[in-house]
Amino acid sequence: MSPVRTPSATPRDAPPSADGTAAGRPEPGHPASGLRESGHEDSGHHGSGSGHLFGDPEHEAPWDEVIAPGAVLLRRHACAQADVLVAAARVVVAAAPLRHLVTPGGQTMSVAMTNCGEWGWVSDRRGYRYDPVDPASGRPWPPMPGIFLDVARGAALRAGYPDFAPQACLMNLYRPGTRLTLHQDRDELDLAAPIVSISLGLPAIFLFGGLQRSDRARRFPLQHGDVAVWGGPSRLAFHGIAPLAAGHHPATGAVRLNLTFRKTR
Ligand SMILES: O=C(O)CCC(=O)C(=O)O
Ligand SMILES: [Fe+2]
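For clarity, every value in this text was computed on a predicted model and none was experimentally measured.

1. A few points about the pairing of strand β5 (residues 127-131)
The buried fraction of β5 is high, at five of five residues. Burial of the side chains of β5 extends over both faces: Gly-127, Arg-129 and Asp-131 are buried on one face and Tyr-128 and Tyr-130 on the other. Here strand β4 (residues 120-124) folds back onto β5, and the loop between the two strands holds two residues.

What follows is the structure, encoded as structure tokens:
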């Protein structure tokens, strides 16, 4: 497997209670209560982060921002479906819990991950790969919710990639301090298809560089409902997420949820 997707993996990146000793106490009825990995507890309201308007599709019409050839940020594109996406994500997480994967180098990733769809992205001491089976359960990944597929396909079409048919959705949960270091998404066998990436909840800084690791990465704020699509000449662009700032978002609470859609083969 390609060793190029370099996740955030220094011990400093490990989430505060990565030892798994603290018992999570989801607040029943909170929209994000199903989005927490076990062993963590959200720390409540911090008062910073995005304003409450971002959950309301009435307040802002979507717009597009081309950031590189083949790469576009579809601003607020998924706001109208965001609550349904979060609810569907909770169903997936209930069947395939979020977990902190270990890199081939033996470090624990600070992003908590799970998957839905035909294939799921996994990492362990053997390498990075797409697997049709969730190694934690031995069962296939949960099916991709219809709303995931609809929004991902719609975004791809808008970005100039018709007929996007993702077989994998990697779900990333970021807590304050979580980051994803610069990497390329290159474990997919079909690099003709773009990556479609939906941001939900807390805002983040998207790092978007060039085709060389050494290329300077620009910083783009991503907010709830933003969809990033990169393909064509930007398909193998290095990208990442800066350490997440603490905050509170009505849709997800104290976390950011990211959904990336991939055509794996
Ligand atoms: O969280 C994000 O916006 C990016 C996630 C990502 O790059 C990945 O899962 O490969
Ligand atoms: Fe990525």
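Having put the structure on the table, let's press on.
2. Examining the environment of Gln-81
Note on placement: Gln-81 falls in the loop between β2 (71-75) and α1 (82-95). For Gln-81, a relative accessible area of 28% puts it in the partly exposed group. Expressed as a C-alpha distance, the spacing of Gln-81 and Asp-150, which sit 69 residues apart in the sequence, is 9.9 Å. Discounting residues that sit within four places of it in the chain, Gln-81 has contacts with Ile-147 and Val-151.

3. A few points about the UniProt feature "binding site: Fe cation" (unreviewed entry) in the chain
Sequence positions flagged by UniProt for "binding site: Fe cation" (unreviewed entry) are, in local numbering, His-183, Asp-185 and His-239. The greatest C-alpha distance among the residues just named is 8.6 Å, despite their covering 57 residues of sequence, which places them together in space. Position of Asp-185 relative to the elements: it lies in the loop between β9 (180-183) and β10 (195-201). Reaching out from Asp-185, the side chain makes a polar contact with the side chain of His-183 at a distance of 3.0 Å. With respect to the helices and strands, the residue His-239 is situated in strand β14 (residues 239-241). The buried category is assigned to His-239, whose relative accessible area is 4%. Once residues within four sequence positions are removed from consideration, His-239 is found in contact with Thr-181, Leu-182, His-183, Gln-184, Asp-185, Phe-206, Leu-207, Phe-208 and Trp-230.

4. A word on the coordination of the iron ion (ligand 2)
For a metal with four donors in a tetrahedral arrangement, the ideal angle between donors is 109.5 degrees, while six donors in an octahedron ideally sit at 90 or 180 degrees. All of the protein donors around the iron ion (ligand 2) are His-183 (NE2), Asp-185 (OD), Asp-185 (OD) and His-239 (NE2); their distances to the metal are 2.0 to 2.8 Å. Coordination geometry of the iron ion (ligand 2): the six donor atoms subtend angles of 50 to 172 degrees at the metal centre, consistent with an arrangement described as irregular. Each donor residue of the iron ion (ligand 2) lies on the same chain, and together they follow the pattern H-x1-D-x53-H. With relative accessibility at 1%, the residue Asp-185 sits in the buried group.

5. Comments concerning the side chain of Asp-131
Here Asp-131 lies in strand β5. A distance of 2.9 Å separates the side chain of Asp-131 from the backbone nitrogen of Val-133, its partner in a polar contact. If near-sequence neighbours (up to four positions away) are discounted, Asp-131 is found in contact with Trp-119, Gly-120, Val-122 and Trp-141.

6. Regarding the pattern of salt bridges
Inspection of every chain in the model, using the stated rule, returns 13 salt bridges. Measuring nitrogen to oxygen at the nearest pair gives 3.0 Å for the salt bridge that ties Arg-76 to Glu-60. Residue Arg-76 is located in the loop between β2 and α1, and its partner Glu-60 is located in the segment before β1 (63-68); the two are separated by 16 residues in the primary sequence. For Arg-76, a relative accessible area of 8% translates into the label buried. Between Lys-263 and Asp-190 there is a salt bridge whose closest N-O contact spans 3.2 Å. Residue Lys-263 is located in the segment after β15 (256-262), and its partner Asp-190 is located in the loop between β9 and β10; the two are separated by 73 residues in the primary sequence. By relative accessible area, which is 21% here, Lys-263 ends up partly exposed.

Basis of the calculations
Residues numbered from 1 in each chain as written. Chains lettered and ligands numbered in written order. Predicted model: local features only at pLDDT ≥ 70, side-chain atom pairs only at ≥ 80, totals over all residues. Heavy atoms only, no water. Buried < 20%, exposed > 50% of the residue type's maximum accessible area, 1.4 Å probe, protein only. Helix = DSSP H or I, 4+ residues; strand = E, 2+ residues; numbered from the N terminus. Pairing = 2+ DSSP bridges. Contact = heavy atoms within 4.5 Å. UniProt positions renumbered as here; feature names shortened; annotations may be inferred. Polar contact = N/O pair within 3.5 Å; in protein donor to acceptor, adjacent residues only side chain to side chain. Donors = N, O, S within 2.8 Å, 3.2 Å for Na, K, Ca; no water. Tetrahedral: all angles 85-135°; square planar, octahedral: opposite > 155°, others 65-115°. Salt bridge = Lys/Arg side-chain N within 4 Å of Asp/Glu carboxyl O.

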